[in-house]
Amino acid sequence: MTGTLTESFELGPIRPPSEAYSLLIRVTRNCPWNRCRFCPIYKGQKFQLRSVEEIKQDIRTARAIKDKISGLAWKSGYGGSLREAAAMVCNHPPNDAYRNVALWLYAGGENAFLQDANTLIMRTGELVEVIKYLKETFPGISRITSYARSKTAAKKSVDELVALREAGLSRLHIGLESGYDPVLQLMDKGVTAADHITGGRNVVASGISLSEYVILGMGGRKMWREHATETARVLNEINPDFIRVRTMTIRTGMPLYDDVINGNFTRSTDEEIVEEEKLLIENLECHSSFVSDHIINLLQEVEGKLPEDKEKMLAVISRFQALPPEERDNFKLGRRLGIYNRIDDMNDALRYDEVKRAIDRLGQDGGGVSDELIFSLMGRYI
Ligand code: SF4
């Protein structure tokens, strides 16, 4: 079967977790900034714009792949079921492009994500042309999203962003990371809190849905308070549709790793980050959905719609903080080993005992669940 499935198109390295089932179309390559000290993704890779014609060719190839999979739905005895044919291709994809198209079709074929790190950097007219072509080629696509930098969104006029929305751009994902300028400087993020506010507000004013990503722990031990309160202030000014939290994770290969080694940056522990998250939520006064859609977050169940769910979210944090120390250790290790999803999972005796045995095994020197052990386990998820 795979002998005839040879078409391929270019894919970038990442997309947000919420776009796991989206058709991926690479409109630029890598990151035009590429200096953030906590980000290893595009290091060593040169930023490149792609021509509209090159991108259109990829879209045509994605269409050809879709048509081949549709053909298989009839030829392979699936009675025309596109979903079943897509599942078959997903199981044995001839290449990554087929895997992406098959996964997208399996999920309904409704969403597309434009890669890589800062799609807004394209000329607005060219990006409008690409989005329109994508919609013409795939009329079933109802949501098109992308990554953007605040700095670029701040430079676009609201009219330009409206033109993108009218062409079909539904949502932008922006890495806010922090709203505190000294933290942004330390991380070499290349934006200020004021840029974040201007860029975020431009997107909101255009009617494009906005996801802002925050990294818990980015202030380290020295600046955690200001990181929490200033990030809340900036988010309140922007009032994005979504606030998505991640937890600072540092490993070799990141420039920030050198700062940890030479003492310029001291990581916050899991429990300190929980306290920081509490301060952040307490200070949020926006009307946003607070989303914790990454396994790296300790308390992934801290989610809800602001402001109405604020107390419910803070109650989860209080519940964790009220646990006896050995129970908190059990939960932390269980999360980092992928055994627990939520605090209630500790009530499952089998899972609880599994974590207890892991603590006995890993903390043989009597040190229990050390912060270093947790840091090293977290590094496995990025
Ligand atoms: S702007 Fe985004 S992709 Fe580029 S280096 Fe910073 S975090 Fe990484």
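Residue positions within a chain follow its written sequence, with the count starting from 1. Where totals are concerned, whole chains, interfaces and linings use all residues; where local detail is concerned, this predicted model gives features only for residues with pLDDT of at least 70, and gives and counts side-chain atom pairs only at 80 or more. Values shown for side chains rest on all heavy atoms present in the structure; no hydrogens or waters enter the calculation.

1. Notes on the overall build of the chain
Consideration 1: Only DSSP runs of H or I reaching four residues or more are called helices, and only runs of E reaching two or more are called strands; each is numbered from the N terminus. Scanning the chain from terminus to terminus reveals 15 helices and 10 strands.
Consideration 2: Whereas a compact globule of 382 residues would reach a radius of gyration of roughly 21 Å, the chain reaches 22 Å, a difference of no more than 12%.
Consideration 3: With the C-alpha coordinates aligned to their principal axes, the bounding extent of the chain is approximately 60 × 50 × 40 Å.
Consideration 4: Contact criterion: two residues are considered in contact whenever any of their non-hydrogen atoms come within 4.5 Å of each other. A fraction of 74% describes how many contacts in the chain between residues 6 or more apart in sequence connect residues 24 or more apart.
Consideration 5: To measure how exposed things are, a 1.4 Å probe is used in the Shrake-Rupley method; for residues, cover is taken only from the protein chains shown. Carbon together with sulfur atoms contributes 48% to the accessible area of the chain, which is approximately 16,500 Å² in total. Atoms considered for the radius of gyration are the C-alpha atoms alone. The globule rule reads 2.2 Å times the number of residues to the power 0.38.

2. Let's talk about the sheet that holds strand β9 (residues 289-291)
The pairing of strands in a sheet comes from backbone hydrogen bonds and takes either a parallel or an antiparallel form.
Consideration 1: Here, strands pair whenever DSSP counts at least two bridges between them. Taking strand neighbours across the sheet as the criterion, the 8 strands line up as β1-β4-β5-β6-β7-β8-β9-β10 in an open arrangement whose pairing is mixed. Because the sheet does not close on itself, it has two edges, and the strands there are β1 (23-26) and β10 (304-305).
Consideration 2: Across 3 bridges, strand β8 (residues 242-247) lies against β9 in parallel orientation. Residue pairing across strands places arginine 244 opposite valine 291, the latter belonging to β9.

3. Details of the site of the ligand
Consideration 1: In these notes, residues near a molecule or strand are those with any non-hydrogen atom within 4 Å of it. Taken together, the residues surrounding the ligand are Cys31, Asn34, Arg35, Cys36, Phe38, Cys39, Tyr42, Ala117, Arg149 and Lys189.
Consideration 2: Any residue outside Ala, Val, Leu, Ile, Met, Phe, Trp, Tyr, Cys, Pro, Asp, Glu, Lys and Arg is labelled polar, Gly included; the first ten of those are nonpolar and the last four are charged. Partitioned by chemical class, the residues of the shell around the ligand number 6 nonpolar, 1 polar and 3 charged.

4. Focus: the nonpolar core
Consideration 1: One finds Leu23, Ile69, Leu134 and Phe290 to be the most contacted residues of the largest nonpolar core, which totals 96 residues.
Consideration 2: Element by element, the count of residues in this core is highest for helix α1 (residues 52-75), at 8 residues.
Consideration 3: Setting aside residues no more than four positions away along its own chain, phenylalanine 290 makes contact with Ile243, Val245, Glu277, Leu280, Ile281, Leu284, Val302, Glu303, Gly304, Leu306 and Met313.
Consideration 4: What we call a nonpolar core is a set of buried Ala, Val, Leu, Ile, Met, Phe, Trp, Tyr and Cys residues that are connected through their side-chain atoms within 4.5 Å. Only protein chains enter the accessibility calculation, which uses a 1.4 Å probe. A residue is then buried if its area is under 20% of the maximum for its type, exposed if over 50%, and partly exposed in between. Membership of the second largest hydrophobic core comes to 15 residues, among which are Phe38, Val183, Ile215 and Met248.

5. Some remarks on the side chain of lysine 56
Consideration 1: Mapped onto the elements, lysine 56 comes out in helix α1.
Consideration 2: In contact with lysine 56, not counting residues within four places along its chain, are Glu129 and Tyr133.

6. Looking at the environment of arginine 171
Consideration 1: Tracing the backbone through its elements, the reader meets arginine 171 in strand β6 (residues 169-177).
Consideration 2: Of the residues examined, arginine 171 reaches a relative accessible area of 13% and is grouped as buried.
Consideration 3: Expressed as a C-alpha distance, the spacing of arginine 171 and isoleucine 144, which sit 27 residues apart in the sequence, is 6.7 Å.
Consideration 4: Those residues in contact with arginine 171, other than ones at most four positions away along the chain, are Arg143, Ile144, Thr145, Ser146, Ile208, Ser209, Ser211, Phe242 and Arg244.

7. A word on α1
Consideration 1: What a helix should span is 1.5 Å times the count of its residues minus one. The terminal C-alpha atoms of α1 lie 34 Å apart, and with 24 residues this matches the ideal 34 Å at 1.5 Å per residue to within 8%.
Consideration 2: Along α1, the residues that are buried comprise Val52, Ile55, Lys56, Asp58, Ile59, Thr61, Ala62, Ile65, Lys66, Ile69, Leu72 and Ala73.
Consideration 3: The elements touched by buried residues of α1 are β1, α2 (82-91), α3 (96-106) and α4 (124-137).
Consideration 4: Where α1 ends, the next residue or the one after it, glycine 77, has phi of about 80 degrees, a positive value.

8. Thoughts on unusual backbone geometry
Consideration 1: Here glutamine 115 and aspartate 116 are connected by a cis peptide whose omega angle stands at 0 degrees.
Consideration 2: Among the structural elements, aspartate 116 can be located in the loop between β4 (111-115) and α4.
Consideration 3: Here leucine 306 and proline 307 are connected by a cis peptide whose omega angle stands at 5 degrees.
Consideration 4: Mapped onto the fold, proline 307 is located in the loop between β10 and α12 (310-321).
Consideration 5: Its identity is not glycine, yet asparagine 30 carries a phi of approximately 70 degrees, on the positive side.
Consideration 6: As for its placement among the helices and strands, asparagine 30 is situated in the loop between β2 (28-29) and β3 (48-49).
Consideration 7: A positive phi is found at glutamate 177, a non-glycine position, where the angle reads about 65 degrees.
Consideration 8: On the secondary structure map, glutamate 177 appears in strand β6.
Consideration 9: When its relative accessible area of 8% is taken as the criterion, glutamate 177 is described as buried.

9. Section: α3
Consideration 1: All of the buried residues along α3 are Ala97, Tyr98, Asn100, Val101, Ala102, Trp104 and Leu105.
Consideration 2: The secondary structure elements touched by the buried residues of α3 are β1, α1, α2 and β4.
Consideration 3: Definition of a polar contact: a pair of N or O atoms within 3.5 Å, with one able to donate and the other able to accept a hydrogen when the atoms are protein atoms, and with sequence-neighbouring residues admitted only if both atoms are side-chain atoms. N-capping of α3 is provided by asparagine 95, with a side-chain oxygen placed 3.0 Å from the backbone N of alanine 97.
Consideration 4: Phi turns positive, to about 115 degrees, at glycine 108, one or two residues after α3.

10. A word on the pattern of salt bridges
A side chain of one charge can pair with a side chain of the opposite charge if their charged atoms are brought near each other.
Consideration 1: Salt bridge, as used here: a side-chain nitrogen of Lys or Arg that lies within 4 Å of a carboxyl oxygen of Asp or Glu. This model, assessed by the stated rule, comprises 32 salt bridges.
Consideration 2: For lysine 151, the salt bridge goes to aspartate 195, with nearest N and O atoms at 3.3 Å. Of the two residues, lysine 151 sits in helix α5 (residues 150-155) while aspartate 195 sits in helix α8 (residues 193-206), which places them 44 residues apart along the sequence.
Consideration 3: Accessibility expressed as a relative area gives 29% for lysine 151, which makes it partly exposed.
Consideration 4: Ionic pairing is found between arginine 233 and glutamate 230, a salt bridge with its closest N-O pair at 3.0 Å. In this pair, arginine 233 and glutamate 230 both sit in helix α9 (residues 220-238), 3 residues apart, roughly one turn of the helix.
Consideration 5: Residue classification places glutamate 230 among the partly exposed positions, given a relative accessible area of 23%.
Consideration 6: Three or more residues are tied together by salt bridges with common partners; here these are Glu10, Arg26, Arg29, Arg50, Glu54, Asp58 and Asp116.

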